[in-house]
Amino acid sequence: FGGYSSESDLIVKRADSLVLSFVETNWTYTGGAHGGQTYHGVNFDASTGERLSLHQVFPDGVQLVETLLEKLRAENRPEIFFDSMEATVADQIIHDKASWVIGPRGVTFYFNQYDIAPYASGTITTTILFDERPGMFREKYKRGPASYAEELAVYLAEDVSLADEGLGKADKLMVTTGPGEFT
């Protein structure tokens, strides 16, 4: 007997002045042939601390359901899905029970084992990118990294002011890359 076990982790997907978004992963084994993994997304408006609902980010729930079904069919073999897949996706969206996170480039949805497909299919994810379908998102939440991040040239040292509070300090940042690394 190997005993029961459980592991949990929080992975921050976005943390900026607009959104705090993370996914909680849980793996448990309570006996039987295998353990199980679940993903649960949590999203907050960073300025108010209010937990975000799907409807605050996506104004048109019907369009969201149609887009998710289209993407799920395009990205997966159709035979993996339960016959109830469409109804389950619609129910999760309409009743705001879906697991989702807002990342810097779009919104990712997690369909856990047994939600829309059997255990062997694993957790099924799909992402709707802001650039891919900009009209689907409320303007406030579709701001991507280009609006708040500056790309640094590789191998070039650049003067960058990092909150020097008027002291005139110049910091040097150097960005290098190599096989499997980013420094």
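The rules behind each value
Residues numbered from 1 in each chain as written. Predicted model: local features only at pLDDT ≥ 70, side-chain atom pairs only at ≥ 80, totals over all residues. Heavy atoms only, no water. Helix = DSSP H or I, 4+ residues; strand = E, 2+ residues; numbered from the N terminus. Polar contact = N/O pair within 3.5 Å; in protein donor to acceptor, adjacent residues only side chain to side chain. Contact = heavy atoms within 4.5 Å. Phe/Tyr/Trp six-rings, centres within 6.5 Å; stacked < 30°, edge-to-face > 60°. Buried < 20%, exposed > 50% of the residue type's maximum accessible area, 1.4 Å probe, protein only. Pairing = 2+ DSSP bridges. Expected span 1.5 Å × (residues − 1). Axes fitted to C-alpha atoms, helices over the stretch in contact; angles between N-to-C directions. Salt bridge = Lys/Arg side-chain N within 4 Å of Asp/Glu carboxyl O.

A.B. asks: Help me understand the side chain of N43, please; the structure alone is not making it clear to me.
C.D. replies: For N43, the position within the fold is in strand β3 (residues 36-45). Engagement of the side chain of N43 in a polar contact is seen with the backbone oxygen of W100, the distance being 2.8 Å. At 3.2 Å, the side chain of N43 and the backbone nitrogen of I102 are in polar contact. Once residues within four sequence positions are removed from consideration, N43 is found in contact with L20, S21, E50, R51, L52, W100, V101 and I102.

A.B. asks: Which parts of the structure should I look at to understand the packing of aromatic side chains?
C.D. replies: A ring pair, where both rings are aromatic, is described by two values, the distance of the centres and the angle of the planes. In this structure the tally under the stated criterion is five aromatic pairs. Both rings, one in F58 and one in F109, keep their centres 6.0 Å apart while their planes meet at 45 degrees; by these two values the pair is tilted. You can see F58 sitting in the loop between α1 (54-57) and α2 (61-75) and its partner F109 sitting in strand β5 (residues 106-111), a full 51 residues away along the chain. Each member of the pair, F58 as well as F109, is classed as buried. Pairing F58 with F137 gives two aromatic rings, centres 5.0 Å apart and planes at 45 degrees, and the pair type is tilted.

A.B. asks: Got a minute to help me understand the pairing of strand β4 (residues 99-102) in this structure?
C.D. replies: As a general feature of sheets, a regular strand has side chains that alternate between the two faces. Residue alternation in β4 divides its side chains into two sets, S99 and V101 and W100 and I102, and both sets are buried. Relative to β5, β4 runs antiparallel, the two sharing four bridges. Residue V101 lies in a different strand from β5, and its bridge partner there is T108. Connecting β4 to the antiparallel partner β5 that follows it, the hairpin turn spans three residues.

A.B. asks: Sorry if this is basic, but what is going on with α2 here?
C.D. replies: The periodicity of an α-helix, 3.6 residues per turn, causes residues three or four places apart in sequence to face the same way. Here α2 contains 15 residues, and its C-alpha end-to-end distance of 21 Å stays within 8% of the 21 Å for a straight helix at 1.5 Å per residue. Every buried residue of α2 is accounted for by L64, V65, T67, L68, L69, K71 and L72. A distance of 3.1 Å separates the backbone nitrogen of V62 from a side-chain oxygen at the start of α2, and that oxygen is part of D60.

A.B. asks: Got a minute to help me understand unusual backbone geometry in this structure?
C.D. replies: Leaving glycine aside, a negative phi is the common case for residues, and trans is the common case for peptide bonds. The backbone of D96 shows a phi angle near 55 degrees, a positive value even though the residue is not glycine. On the secondary structure map, D96 appears in the loop between α3 (85-94) and β4. Overall, the relative accessible area of 29% leaves D96 in the partly exposed class. One non-glycine residue, Y114, adopts positive backbone phi at about 75 degrees.

A.B. asks: What am I meant to see in the sheet that holds β4 here?
C.D. replies: To summarise the sheet geometry, strands pair through backbone hydrogen bonds and adopt either a parallel or an antiparallel arrangement. Spatially, β4-β5-β6 is the arrangement adopted by the three strands of the open sheet, whose pairing is antiparallel. With one partner strand each, in any of the chains shown, β4 and β6 (124-129) form the two edges of the open sheet. If you compare each strand with its neighbour and ignore which way they point, the axes differ by 20 degrees on average. The pairing of β5 with β6 spans six bridges and is antiparallel. Following the sheet pairing, Y110 is matched in β6 by T125. Strand contacts of α2: β5 and β6, with the helix running at about 120 degrees to β6, the strand carrying the most contacts.

A.B. asks: Any chance you could explain the pattern of salt bridges here in plain terms?
C.D. replies: Per the counting criterion, the structure on display carries eight salt bridges. The residue D45 makes a salt bridge to K140 at a minimum N-O spacing of 2.6 Å. Highlighted residues: D45 in strand β3 and K140 in the loop between β6 and β7 (158-160), separated in sequence by 95 residues. For D45, a relative accessible area of 3% corresponds to the buried category. Classification of K140 by relative accessible area gives partly exposed; the value is 39%. The shortest N-O distance in the salt bridge between E70 and R133 comes to 2.6 Å. Placement of the pair is E70 in helix α2 and R133 in the loop between β6 and β7, with a sequence separation of 63 residues. The exposure class of E70 is partly exposed, given its relative accessible area of 43%. The class for R133 is partly exposed, based on a relative accessible area of 22%.

Fair warning: the whole summary comes from geometry, so function is off the table for now.
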